[in-house]
Structure formats: C-alpha cells, structure tokens
Amino acid sequence: MRVKSPLEVYRFLPQINCAECGETTCMAFAARLIDRSKKLEDCPPLLKDEFKSKYLELARLLAPEIREIVIGTGEHAKKVGGDDVLYRHQLTFFNPPLLAYDVEDTLDDKALVERVKKIHDFKKFYVGRFLKLNGVAVRAISGDRTKFAAAVKKVAETTPLPIILCSLDPAILRAGVEAVKDRKPLIYAANETNWKEVAALALEFNLPVVLFSENLDTLKSLAVSFAEMGIKEIVLDPGTYPAGKKLRESFQRFLNLRRAGIKEGQKDVALPLMAVPMTAWFVENDPVNASYWETVLASVFIVRYADIMILHSLEPYALLPELHLRDTIYTDPRTPVKVNPGVFEVGAPTKDSPVIVTTNFALTYYTVESDLSSNKVNCYLAAVDTDGIGVEAAVAGGQLTAAKIKDTFSKAGFDFKEKTSHSTLIIPGLAARLQGDAEDATGLKVKVGPPDSGRIPGWLEKNWPPK
Ligand code: SF4
C-alpha cells in the first residue's frame, strides 16, 4: 500500500460527506480504507464517471505490496497474500496462511472420504470463535489421470473447502482441473520442465497456479513468463527442505523473496508464497516424530512468510500449535480482541447465584467463563468495557473503574434487587483496590475474589453464600 495516512487517501475521495458508505464523513471512510475494513466500492459517488481517474489512482495506491489472490469459491474461498509489511508490529498481517492437508489419490473411497471429513470437521473453540483447517491438497501418487480425477471429484463432493491439485504431470493436472474447474482449485505446480503446458492449463481455465523452483532466478523468470502470458494469480514455492543446512537455505529463500517484494519493490516476485512442511515425513519414519517436526516447520514458515502450506498430520497435538500460532501472529496488534460488554448467564443462575465481574478482553473473558462453566458454577458474569484490556492493566490505566462497573449493570438492565437475593458483587483479586469505590458507586456489598479465575470455584466454596 503506497498511502499510509487517511489524509493522503482523503484527497482522492469525493469529499461530500454523504454517508452512503456507512461512515459519517469521507475522512472516516479514508481511515477504514487504510485499515481495510472498507473497500473503494463502498463509496457509490466514487464509482461515477466524473471520479473515474481518482478511483483508478486510489485503487493503485491502496493495492497491497504482496498480491492478494483467491483460492476456492463461495463462503469457503480463501484470500492469500495481501501483506504490506515485513513485521507484524509495523501494521498487521492480513490473510492468515491457508492450511491445506493432503490426501492421496491411491486411497480407497471410504478412507478418502473419512480423511477429508476429518479435515473439514476439525475445529477448536478459542476466544469466541472456531479455529479451522482451510483446504485439501490432492496428491497424484497413482500416476493415473483417471484415478486422480476420481479422487479429486470425490474430495469436491465431500467438502466445499478449497482444493489444491498436486502433480508435476500436466496431463494428470488437466484431468483434475476438468473434474473441479468450477471450484477454482490451485494448480500445483509448474516448474522448469512442464511450465508451458501448465501455463496453458491455468490460462484456459483461468486458475491460480504455483510455480516451483529452488533457484530464485529461475523462479523469478517463471513468474515473469507467466505474468507476460496474462496469468495474474501466481504463488511461488521456493522449496521446503525439512532439515539441516538446506532447511536454513529454504528459510533464507522465503526471507529473500518477501524482502524483494516489500522492501525492494520487485513486483515480479511480490506474490504469495507456499511452504510444504509435510516434507518432514520424508526424513522421519516415526509418525509422532514426523508430526512433531512437521509442526516445527509449519511454525517457522507461519512466522516467515508462508501464505499457503501443505501439511499431513491431523493429530490434535500437531494441529493445535499450528492453529494457535497462526491465530496469534495474524491477530491485529492494533486492536485488542474483545467481546461485547454486558452481563451474561453462565449455566443456570438463580437469585442465590454469585455475580462476578471481569473485563471484555476476549482472552480474559473466555478464560473466566470456561473456568466457571467447566466447574459447573451457575452465576452471572459481567464483562466491563475496558477497550479489550485485561484486569490488571485496565485498573492501572483507568479503563476499569467503579463507575464503569456500575455502568455495565445499568446498560444491561440488570437489577440486583430483582435478579438476586444478596445484592453482592465479586470483583477480581487484581482489582481489589476498587472495592471501596465500587461499594460507593453501586450501593452493593463488594467482595474481592481471587486473582486467578481458576481459583474462583474453590474461593466460592469458602465464601459463598455471603455471610
Ligand atoms: S460515500 Fe463516499 S462521498 Fe459519501 S461520505 Fe462516504 S466516502 Fe464520502
């Protein structure tokens, strides 16, 4: 993105503050364009002929440094690439890597469907949403185009997730493409030998394609050739060696490519990158060791700079670190993850149940909620709006105050006399200093709970009901 401030973007907008974009002013819309929560097409006046040149210029200025491409169709389509910075803290990383898990075309129908369902169904609840896997990579092991096409078709019938077609044989790739051409699969891969046939295939069906070479000059020259042929959706795979010196060289290639794309403005290689951590299985025979090493490789390339990955292990001990690391790296560091403030029921609270206060920082809220529900504590849980900041920092920074606690219950319409028999509030141990102020502000009896929500159930056994 060549523009960094809303003021620079504002110059190109109609500046009539008509609010058709959902923002009250053009300047507010400019800020939304910078953080990518709105797109140019959300401003109808800008699409009129009189603003055409400004629209085109702004589209050029706002385009991410790394090209963004889309794989798959419908609600499961996944954007990859689209980053603007080398380091997350400089802005944020935008599109989390697409994690695709392999299936071999030699599997019988039952085993294939079972594995694809496992990929499709896996989900892990984390701070208010589900972390999921994103794609299926069908590998042509059989060397038989009919078998490959049948496996690809079966995968497509079983899941709407994006599909990657893996073979270096253009005839086999064509059979796979013809089986799922409407699903916008990613073709993997074109190399020095097969590139002409694979390029023809990508052009004919207008599909995204991966270019593979461990030699960066060759990779760049392939990218230039494909671009000159009019293929825009290109992914680069510079090779993923699983161990030793060659792993270090693989990692260096990822760094060089991303630096060339973002720092040096080399548009030919400013493209999404693919890593293949499943190469760990080529050097490790033991499945647990292989899963472990695959996860290590995935972690390395999630951090630097893979936009798509092909993996193999579906063991939870491999998937959970991969998903959690990806989620952490791709969380916007400018915006704390938060839940809506309010007063929520945990279990089935009655008039005698405790009322517990926490903040609306998602990690805090869901940790407290999970500690309570897993211990079968029926209660009311109040999430105070602290702008998504945790308890201790919010008390120090003034985001968690007695007035805000009172406000939370007022806004939620929570009447202590009607809802409880005790008019008592429990605040976190880390907010103990608010006890007196909270009693004054709310007129309630305020008790100080433990500093760690894991200890609330034990604390309640000793301190509830209040004497
Ligand atoms: S729709 Fe366009 S012109 Fe209207 S306020 Fe939004 S940015 Fe400004």
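Engineer: Can you help me understand the sheet that holds strand β10 (residues 234–237) in this one?
Structural biologist: The strands making up a sheet associate through hydrogen bonds between their backbones, and the pairing can be parallel or antiparallel. Strand order in the open sheet made by the 8 strands is β10-β9-β8-β7-β6-β3-β12-β11, with parallel pairing throughout. Only two strands of the sheet have a single partner each, and these edge strands are β10 and β11 (274–275). As paired elements, strand β3 (residues 98–104) and strand β12 (residues 308–311) share 4 bridges and run parallel to each other. Bridging across to β12, L98 finds its partner in I308.

Engineer: Mind showing me how you'd approach the site of the ligand here?
Structural biologist: In the vicinity of the ligand lie 14 residues, with C18, C21, C26, F29 and C43 positioned nearest. Each residue belonging to the shell around the ligand can be placed in one class, and the counts come to 11 nonpolar, 1 polar and 2 charged.

Engineer: I'm lost on the nonpolar core in this one. Help?
Structural biologist: Considering soluble globular proteins, one finds that nonpolar side chains tend to be buried as a cluster. Counting 81 residues, the largest nonpolar core has V136, V152, I187, L211, L236 and M309 as the members making the most contacts within it. Leaving out residues up to four positions away in the same chain, M309 has contacts with P97, L99, A100, A275, V276, P277, A298 and F301.

Engineer: How do you make sense of the environment of I34 when you look at a structure like this?
Structural biologist: For I34, the position within the fold is in helix α2 (residues 26–34). Sequence-distant contacts of I34, that is, excluding residues within four places in its chain, are made with P6 and V9.

Engineer: Sorry if this is basic, but what is going on with the domain arrangement of the chain here?
Structural biologist: One widely used convention gives an interface's size as the accessible area the parts lose upon coming together. What the domain assignment lists for the chain is domain 1 (6–62), domain 2 (68–329) and domain 3 (342–463). Domain 1 and domain 3 are separated by 42 Å when their C-alpha centres are compared.

Engineer: Explain the environment of T92 to me, please; I cannot follow it from the model alone.
Structural biologist: When you line up the elements, T92 lands in the loop between β2 (78–81) and β3. A C-alpha to C-alpha distance of 6.4 Å links T92 and P333, two positions 241 residues apart in sequence. If we skip the residues at most four places from it in the chain, T92 touches D332, P333 and R334.

Engineer: I'm lost on unusual backbone geometry in this one. Help?
Structural biologist: When glycine is set aside, most residues are seen to have a negative phi, and most peptide bonds are trans. The amide bond that connects R304 to the next residue, Y305, takes the cis arrangement and shows omega of -20°. Turning to its location among the elements, Y305 is positioned in the loop between α11 (287–303) and β12. Positive phi, normally seen in glycine, also occurs at Q15, with a value near 60°. With respect to the element layout, Q15 can be found in the loop between α1 (6–10) and α2. Q15 gets classed as partly exposed once you count the C-beta atoms within 10 Å, which come to 13. Phi is positive for K376, close to 55°, though the residue is something other than glycine.

Engineer: What exactly am I supposed to notice about the environment of A77 here?
Structural biologist: Relative to the helices and strands, A77 is located in the loop between β1 (68–71) and β2. On the basis of neighbour count, A77 is assigned to the partly exposed category, with 14 C-beta atoms found within 10 Å. Every residue in contact with A77, bar those within four places of it in the chain, is listed here: V70, I71, G72 and P162.

Definitions and limits used
Residues numbered from 1 in each chain as written. Predicted model: local features only at pLDDT ≥ 70, side-chain atom pairs only at ≥ 80, totals over all residues. Pairing = 2+ DSSP bridges. Helix = DSSP H or I, 4+ residues; strand = E, 2+ residues; numbered from the N terminus. Near = placed C-beta within 6 Å. Nonpolar A, V, L, I, M, F, W, Y, C, P; charged D, E, K, R; others polar. Core = buried A, V, L, I, M, F, W, Y, C linked by C-beta atoms within 7 Å. Buried ≥ 20, exposed ≤ 12 C-beta atoms within 10 Å, placed from the backbone. Contact = placed C-beta atoms within 7 Å. Domains from an automatic or database assignment.

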